[in-house]
Amino acid sequence: MTSALRPAATTEAVKRPDRWLALSVLVLAVLLVAVDATVLGLATPYISEDLQPSGTQLLWIGDVYSFVIAGLLVSMGSLGDRIGRKRILLAGATAFGLISVLNAYATTPELMIAARALLGVAGATLMPATLALIRNLFQDPRERSLAVGIWGATASAGTAVGPIVGGFLLEHFWWGSVFLINLPVMVALVLVGIRTLPESRTPNPGPWDLVSVVLSLVGMIGIVYAVKEAATHGFTWAALATGLLGAAALHSFIRRQLALPAPLLDMRLFRDRGFSGAVLADLLTILGLSGLVFFLSQYLQLVQGRGPFEAGLAELPAAVGAVAAGLIAGRAARRFSVRSVVSGGLAAIGLALAALTTITQSTGYPLLGAALLTVGVGAGFSFTVTADVILSSVPKDQAGSASAVSETAYELGAALGIAVLGSIVTGVYRGFPAPPGTPTAAHDSLGGAVEAANHLPSATGEALLSSAREAFVDGLTLAAGAGAAVLLATATAAWFLLRGQRL
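A. Spatial organisation of the overall build of the protein. When helices and strands are counted, the protein shows 19 helices and zero strands. Relative to its length of 503 residues, the protein is compact, with a C-alpha radius of gyration of 22 Å against a globular reference of 23 Å. When the 503 residues of the protein are sorted by exposure, 60% land in the buried category. Excluding contacts between residues fewer than 6 apart, the proportion of contacts in the protein whose partners are at least 24 apart in sequence is 85%. When the accessible surface of the protein is totalled, it reaches about 18,500 Å², and 67% of it is carbon and sulfur.

B. How the structure looks around the pattern of salt bridges. Summed over the entire model, instances satisfying the criterion amount to two salt bridges. Of the charged contacts, one joins Arg256 and Asp209 as a salt bridge, the two residues approaching to 2.6 Å between their closest N and O atoms. Residue Arg256 is located in helix 11 (residues 237-259), and its partner Asp209 is located in the loop between helix 9 (182-196) and helix 10 (210-233); the two are separated by 47 residues in the primary sequence. On the accessibility criterion, Arg256 (29% relative accessible area) is partly exposed. Judged by its relative accessible area of 13%, Asp209 falls in the buried class. A salt bridge links Glu310 to Arg306, with the nearest nitrogen and oxygen atoms 3.0 Å apart.

C. Molecular detail of the side chain of Thr426. Of note, Thr426 is situated in helix 17 (residues 399-430). In this structure, Thr426 is in contact with Leu59 and Phe295, ignoring residues within four places of it in sequence.

D. Region of the structure containing the confidence of the model for the protein. For the protein, the mean per-residue pLDDT works out to 81, and 91% of the residues sit at or above 70. Ranking the elements of the protein by mean pLDDT puts helix 1 (residues 7-15) last with 41 and helix 15 (residues 338-355) first with 93. Note that residues 1-14 has pLDDT below 50 and, in this model, 42 contacts with residues that lie over four places away or in other chains.

E. Representation of the side chain of Gln301 in the model. Its place among the elements puts Gln301 in helix 12 (residues 273-303). On the basis of relative accessible area, Gln301 is assigned to the buried category, the value being 8%. When sequence neighbours within four positions are dropped, the list of residues in contact with Gln301 reads Leu42, Pro45, Tyr46, Arg306, Gly307, Pro308 and Ala311.

F. Fine view of the packing of aromatic side chains. Considering all chains together, one arrives at four aromatic pairs under this definition. Seen from their ring centres, Tyr105 and Trp174 are 5.4 Å apart, and the 40 degrees between their planes marks the pair as tilted. Separated by 69 residues along the polypeptide, Tyr105 in the loop between helix 4 (85-104) and helix 5 (109-123) and Trp174 in the loop between helix 7 (141-172) and helix 8 (177-180) bring together distant segments of the chain. Residue classification places Trp174 among the partly exposed positions, given a relative accessible area of 35%. The interplanar angle of 90 degrees and the centroid separation of 6.3 Å between the aromatic rings of Trp175 and Phe179 together place this pair among those described as edge-to-face. For Trp175, a relative accessible area of 6% gives the class buried. Overall, Phe179 belongs to the buried group, its relative accessible area being 0%. Stacked on the ring of Trp495, the Lys or Arg Arg339 has its end atom at 3.8 Å from the ring centre.

G. Region of interest: a nonpolar patch on the surface. The grouping of Trp20, Leu146, Leu327 and Ile328 at the surface amounts to a nonpolar patch, some 340 Å² of accessible area in total. Tracing the backbone through its elements, the reader meets Trp20 in helix 2 (residues 19-51). By relative accessible area, Trp20 is classed as partly exposed at 32%.

H. Representation of the nonpolar core in the model. Ranked by size, the top nonpolar core spans 150 residues in total, and within it Ile47, Tyr299 and Phe472 carry the most contacts. Once residues lying within four places of it in the same chain are set aside, the contact partners of Phe472 are Phe295, Gln298, Tyr299, Val303, Val425, Tyr429 and Leu446.

I. Representation of the environment of Ser466 in the model. Structurally, the position occupied by Ser466 is in helix 19 (residues 458-497). Sequence spacing of Ser466 and Gln361 is 105 residues, and the spatial spacing of their C-alpha atoms is 9.4 Å.

J. Fine view of helix 3 (residues 55-83). Counted at 1.5 Å a residue, the expected span for helix 3 with its 29 residues is 42 Å, and the 41 Å between its end C-alpha atoms agrees. At Leu73, helix 3 shows its maximal bend, which comes to roughly 45 degrees. Judged by how many residues are buried, helix 3 sits mostly within the fold: 26 of 29 residues are covered. Gly84 lies just past helix 3 and shows a positive phi near 115 degrees.

K. Layout of the environment of Leu258. Checked against the element boundaries, Leu258 lands in helix 11. For the pair Leu258 and Gly222, spaced 36 residues apart in the sequence, the C-alpha separation amounts to 22 Å.

L. Molecular detail of the packing of helix 15 against helix 19. Between helix 15 and helix 19, the least distance of the axes is 8 Å, while the angle of their chain directions is 165 degrees. Taken as axis vectors, helix 15 and helix 19 run roughly antiparallel relative to one another. Once helix 15 is placed against helix 19, the crossing between them reads as left-handed. Touching Arg339, Ser340, Val342, Ser343, Leu346, Ala347, Ile349, Gly350, Leu351, Leu353 and Ala354 of helix 15 are Ala480, Gly483, Ala484, Leu487, Leu488, Thr490, Ala491, Ala494 and Trp495, all from helix 19. Its residues assigned to classes, the contact of helix 15 with helix 19 comprises 14 nonpolar, five polar and one charged.

M. How the structure looks around helix 6 (residues 127-137). For helix 6, the buried fraction is high: eleven of the eleven residues fall into the buried class. Listed in full, the buried residues belonging to helix 6 are Met127, Pro128, Ala129, Thr130, Leu131, Ala132, Leu133, Ile134, Arg135, Asn136 and Leu137.

N. Looking closely at the packing of helix 3 against helix 5. Where helix 3 contacts helix 5, the two axes come as close as 7 Å, and the packing angle between them is 25 degrees. Classified by the angle between their axes, helix 3 and helix 5 sit roughly parallel to one another. Every pair of crossing elements has a handedness; the one defined by helix 3 and helix 5 is right-handed. Along the contact surface, helix 3 presents Gln57, Trp60, Ile61, Val64, Tyr65, Val68, Ile69, Leu72 and Met76, while helix 5 presents Pro109, Glu110, Met112, Ile113, Arg116, Ala117, Leu119, Gly120, Val121 and Gly123. Of the residues contributing to the contact of helix 3 with helix 5, the split by class is 14 nonpolar, three polar and two charged.

What counts, and where the lines are drawn
- Residues numbered from 1 in each chain as written.
- Predicted model: local features only at pLDDT ≥ 70, side-chain atom pairs only at ≥ 80, totals over all residues.
- Heavy atoms only, no water.
- Helix = DSSP H or I, 4+ residues; strand = E, 2+ residues; numbered from the N terminus.
- Rg over C-alpha atoms; globule rule 2.2 N^0.38 Å.
- Buried < 20%, exposed > 50% of the residue type's maximum accessible area, 1.4 Å probe, protein only.
- Contact = heavy atoms within 4.5 Å.
- Areas by Shrake-Rupley, 256 points an atom, 1.4 Å probe, with all protein chains shown as cover.
- Salt bridge = Lys/Arg side-chain N within 4 Å of Asp/Glu carboxyl O.
- pLDDT = per-residue confidence, 0-100.
- Phe/Tyr/Trp six-rings, centres within 6.5 Å; stacked < 30°, edge-to-face > 60°.
- Lys NZ or Arg CZ within 6 Å of the ring centre and 35° of its normal.
- Patch = residues over 30% accessible without salt bridge, like charges linked within 9 Å, V, L, I, M, F, W, Y side chains within 5 Å.
- Core = buried A, V, L, I, M, F, W, Y, C linked by side-chain atoms within 4.5 Å.
- Expected span 1.5 Å × (residues − 1).
- Bend = angle between axes of the 7 residues up to and from the residue.
- Axes fitted to C-alpha atoms, helices over the stretch in contact; angles between N-to-C directions.
- Parallel < 35°, antiparallel > 145°, perpendicular 65-115°, else oblique.
- Left-handed = near helix turned anticlockwise from the far one by under 90°.
- Nonpolar A, V, L, I, M, F, W, Y, C, P; charged D, E, K, R; others polar.

The structure is reproduced here in structure tokens:
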């Protein structure tokens, strides 16, 4: 698959005086996805109280979006190459906003899971198109590094805006309101994008291979689901069969891509060591972070008793650090080296996660704030530079494929992180000793324990909460330790895989 602009369009894209205004539309799409991801974590305690999902359903609410988006990113990136990246970006943004309404008004755990899955379908159309359009709009390496930095900084800003705005809404309205904030962003994106974004598509893309689409979807979802089930319930025949089905589907997908004259994904991209190293670093980094981030809002609210708005402000240092680091990451990589910036950033995240293994129910904010700031700075440096490496490692006519692979690594890492590290938290939590008469739902999630405690005698309720919170923190620190090990190992691997890589 290729993603080239026509020659005339390429010249126009390079010289367009409004390319920075066009970039503002692309980063709005990133903001849309980032805000949605962060408000979900903040709203989880309220969703647990209202919809009363089981522990497994709660994990599905958190990770089904990533399952679907990871399975469809390559296919949607290829579809954008064929029908036009501007067209699929605007259509996907419109669908994303409308499906957010369905998320807001979900009345059962099953409906919420379905709504998150549909949102994943819409989200899969957004990210590959944004990076591919940046690659085509900005041909100069320095301009492209700055554009990618702004793109990444906006995603980080979204992680700050989401909790703060979401926290304010949760304190004044019902939990569904946090999903409705996607609507004004979607409206602005579509209205400005229609006027400023240049259309681009592959001139002769070949047919959109539906067999490859199905193989990609079945393969990604099958493997991630198997990992999730094995981490939650142990190795069962069902998990093994699902994993083998997913592996067989991915194997068939790869063989088919190598045989097709116009594949959905050009597998030869992985021959470039810098490209493969950057993709692997992104996947493992997100894996090490996602499970912890998913439960951090619950720790701040349900363990430390902070309100949702205060919890959102407490997470602000991570976004501030990521924005600041992202804007200077490209310059730092050119002055020092790509591998120094990426490995250093990943090591910083790993050390910050290691520090979080010491937290207790009463840990003061200075430690939490410092750790979050360090995570943000490290992520800002590493993610911005790896995104630039991925785009610069391939010809412009393969930017669509490269973008899809990059985003697939993010989403697959998020799904695996929530599945594996989230299951560690859940597994440790479920074993806490509960007072007699405690409802079964209290062992499914910390939100369930809080709800159960409200209906028990005062002394019994306090004992239940104390035991549940202690178990939750134990699980969280164990997940932080596992995440730290993953990040430090990834930093070491990146040092060797990105040797000699330049922007």
